[in-house]
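# Secondary and tertiary structure notes
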Amino acid sequence: MTLKVTEAEHGSWAVLHISGELDLVTSPAVRQHVHGAVADGRHRVVLDLSDVLFCDSSGVGVLIAARRLMRSCQGSLRLILPARGAVDGSHVNRVLAALGVRRLFEVYPDVDTAVDDTAQALSA
């Protein structure tokens, strides 16, 4: 399966909707999109991972690197990991939790909540 990344703007937030598999082959494309958003002056980025069906350690590495990049430019990174994504919840959420890095991210259930500056992140 391939990876598809679509970009949208929601106010001051750049939203990257990612679908497919986030792995060794496809994760560099996500890294490139995040770097592109920052290069364009977008320091508030939402990664919508609600349609990511598979994520390996390469994908997790890209998410951690994106967090580091956004923090280095005093930006914000938010993830969308719906509680009911795949059959029994978001695959990415389960992978991040299993690796003990879920707490590093601000996670929201949908785009509207993620771009709402008054919304509270979901608890890890």
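Scroll up a little and you will see the structure.
Presented here is a report on the structure given in the accompanying data block. One numbering rule holds for all chains: residues counted from 1, following each sequence as written. At least 70 in pLDDT is required for a residue's local features to be given in this predicted model, at least 80 for side-chain atom pairs to be given and counted, and no such filter applies to totals for whole chains, interfaces and linings, which use all residues. Computation of side-chain values: all heavy atoms of the structure, hydrogens and water removed.

### With respect to the environment of Val-52
Defined as follows: By the criteria applied, helices consist of DSSP H or I runs no shorter than four residues and strands consist of E runs no shorter than two, each listed in order from the N terminus. Between buried and exposed lies partly exposed: a residue is buried under 20% and exposed over 50% of the maximum accessible area for its type, with that area taken using a 1.4 Å probe on protein chains only. The contact criterion used throughout is that any non-hydrogen atoms of two residues lie within 4.5 Å.
Following the sequence through the fold, Val-52 ends up in strand S3 (residues 44-55). Its relative accessible area of 4% is what places Val-52 among the buried residues. Between the alpha carbons of Val-52 and Ala-66 there is a distance of 17 Å; along the sequence they are 14 residues apart. Each residue touching Val-52, except ones within four places of it in the same chain, is listed here: Ile-18, Ser-19, Gly-20, Leu-22, His-91 and Val-92.

### A closer look at the environment of Leu-3
Structurally, Leu-3 is set in strand S1 (residues 3-10). Sequence separation between Leu-3 and Leu-22 is 19 residues, and the spatial gap between their C-alpha atoms is 6.9 Å. When sequence neighbours within four positions are dropped, the list of residues in contact with Leu-3 reads Ile-18, Ser-19, Glu-21, Leu-22, Thr-26, Ala-29 and Val-30.

### Concerning the pattern of salt bridges
Using the following cut-off: Any carboxyl oxygen of Asp or Glu within 4 Å of a side-chain nitrogen of Lys or Arg constitutes a salt bridge here.
One pass over the structure, following the stated rule, counts three salt bridges. A salt bridge links Arg-44 to Asp-117, with the nearest nitrogen and oxygen atoms 2.7 Å apart. Of this pair, Arg-44 sits in strand S3 while Asp-117 sits in the segment after helix H4 (111-114); the two residues are 73 residues apart in sequence, bridging distant segments of the chain. Looking at Arg-44, the relative accessible area reads 24%, which means it is partly exposed. When the shortest N-O distance is used, the salt bridge between Glu-106 and Arg-78 registers 3.4 Å. Of this pair, Glu-106 sits in strand S5 (residues 106-108) while Arg-78 sits in strand S4 (residues 76-80); the two residues are 28 residues apart in sequence, bridging distant segments of the chain.

### Regarding helix H3 (residues 91-98)
Keep this limit in mind: Each C-beta atom gives one direction from the helix axis, and the arc is the one those directions make.
Along H3, the residues classified as buried are His-91, Val-92, Val-95 and Leu-96. Projected down its long axis, H3 shows its buried positions confined to an angular sector of 130°, all on one face. The first or second residue beyond H3 is Gly-100, which carries a positive phi of 75°.

### Concerning the side chain of Ser-27
By the secondary structure assignment, Ser-27 is in helix H1 (residues 27-39). Beyond its immediate stretch of four places on either side in the chain, Ser-27 contacts Leu-22, Ser-58, Gly-59 and Val-62.

### Concerning H1
For clarity, the threshold we go by: Working rule for helices: expected span equals 1.5 Å times residues minus one.
For H1, spanning 13 residues, the distance from its first C-alpha to its last is 18 Å, which sits close to the expected 18 Å at 1.5 Å a residue. Buried residues along H1 sit against S1, strand S2 (13-22), S3 and helix H2 (57-72).

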